[in-house]
Amino acid sequence: MLAPPIYEIIRGERDVTPDAALRLALFLGTTVEFWLSLQAHYELEVARDKKERTISQAVRFGPLRPRLLLLPATPKTTPCETHSLGTRDPRSASPGSRHAG
């Protein structure tokens, strides 16, 4: 990487592109993700400085908050109730008797 592009990056005149991040990482012994993360944080700060007030005025209703989806409670069944669903436990019937249900 040539010296002028590095100085342009330092002065904020040039973005850290993936190519530049790769070169800086190899030359300085860091990671590409480090340089791209710095660029992303820089861009976010610039956007905040320039547009946060405008955006907050345009969004009049305030921040969105996730709402909990309340589902109806499911009834809990006991082992005895599971047998009343149409199946009969053959161990509970006496020989020769029939269950009416």
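Worth saying up front: this structure is predicted, and the values here are computed from it rather than measured.

**Q** Please clarify how the overall build of the protein should be interpreted in this entry.
**A** Looking only at helices and strands, the protein features four helices and zero strands. Along the chain direction, N to C, the helices and strands of the protein fall in the order α-α-α-α. In the protein, which comprises 101 residues, the share counted as buried stands at 10%. For the protein, the exposed surface amounts to about 9700 Å²; the carbon and sulfur share of it is 61%.

**Q** In this structure, what is going on with the pattern of salt bridges? I would like to understand it.
**A** In the structure shown here, the tally under the stated rule is four salt bridges. Between E8 and R14 there is a salt bridge, with the nearest N and O atoms lying 2.8 Å from each other. Look at E8 and you get partly exposed, because its relative accessible area is 23%. On the basis of relative accessibility, which here comes to 39%, the residue R14 falls in the partly exposed class. Measuring nitrogen to oxygen at the nearest pair gives 3.1 Å for the salt bridge that ties E45 to R48. A residue pair is termed a helical-turn pair when its members lie 3 or 4 positions apart in one helix, as E45 and R48 do in helix α3 (residues 32–58) at three residues. Given a relative accessible area of 40%, E45 falls into the partly exposed group.

**Q** Honestly, the packing of helix α2 (residues 18–28) against α3 in this entry has me stumped. Any pointers?
**A** Helix-helix packing is characterised by the crossing angle of the two axes and by the distance between the axes. For the pair α2 and α3, interaxial distance at closest approach is 8 Å and the crossing angle is 130°. Comparing their axes, α3 and α2 come out oblique. α3 is crossed by α2, and the crossing has right-handed handedness. Between α2 and α3, the contacting residues are P18, A21, L22, L24, A25 and L28 on the first element and V32, W35 and L36 on the second.

**Q** Sorry, what's going on with the environment of E13 here?
**A** Turning to its location among the elements, E13 is positioned in the loop between α1 (3–10) and α2. Residue class for E13 comes out exposed when judged on its relative accessible area of 54%. In this structure the side chain of E13 is engaged in a polar contact, spanning 3.2 Å, whose partner is the side chain of R11.

**Q** Would you take a moment to explain the nonpolar core for this structure?
**A** Counting residues in hydrophobic clusters, the biggest one holds seven residues: I9, V16, A20, A21, L24, A25 and W35. Of the residues forming this core, the biggest block, four residues, is contributed by α2.

**Q** Any chance you could explain the confidence of the model for the protein here in plain terms?
**A** If pLDDT is low for a region, its predicted coordinates should not be looked at in detail. Mean pLDDT over the protein stands at 77; residues scoring 70 or higher make up 56%. When pLDDT is averaged over each element of the protein, α2 comes out on top at 93 and helix α4 (residues 79–82) at the bottom at 56.

**Q** Honestly, the side chain of Q39 in this entry has me stumped. Any pointers?
**A** Mapped onto the fold, Q39 is located in helix α3. Not counting chain neighbours up to four residues away, the residues in contact with Q39 comprise D15 and V16.

Reading guide: rules and limits
- Residues numbered from 1 in each chain as written.
- Predicted model: local features only at pLDDT ≥ 70, side-chain atom pairs only at ≥ 80, totals over all residues.
- Heavy atoms only, no water.
- Helix = DSSP H or I, 4+ residues; strand = E, 2+ residues; numbered from the N terminus.
- Buried < 20%, exposed > 50% of the residue type's maximum accessible area, 1.4 Å probe, protein only.
- Areas by Shrake-Rupley, 256 points an atom, 1.4 Å probe, with all protein chains shown as cover.
- Salt bridge = Lys/Arg side-chain N within 4 Å of Asp/Glu carboxyl O.
- Axes fitted to C-alpha atoms, helices over the stretch in contact; angles between N-to-C directions.
- Parallel < 35°, antiparallel > 145°, perpendicular 65-115°, else oblique.
- Left-handed = near helix turned anticlockwise from the far one by under 90°.
- Contact = heavy atoms within 4.5 Å.
- Polar contact = N/O pair within 3.5 Å; in protein donor to acceptor, adjacent residues only side chain to side chain.
- Core = buried A, V, L, I, M, F, W, Y, C linked by side-chain atoms within 4.5 Å.
- pLDDT = per-residue confidence, 0-100.

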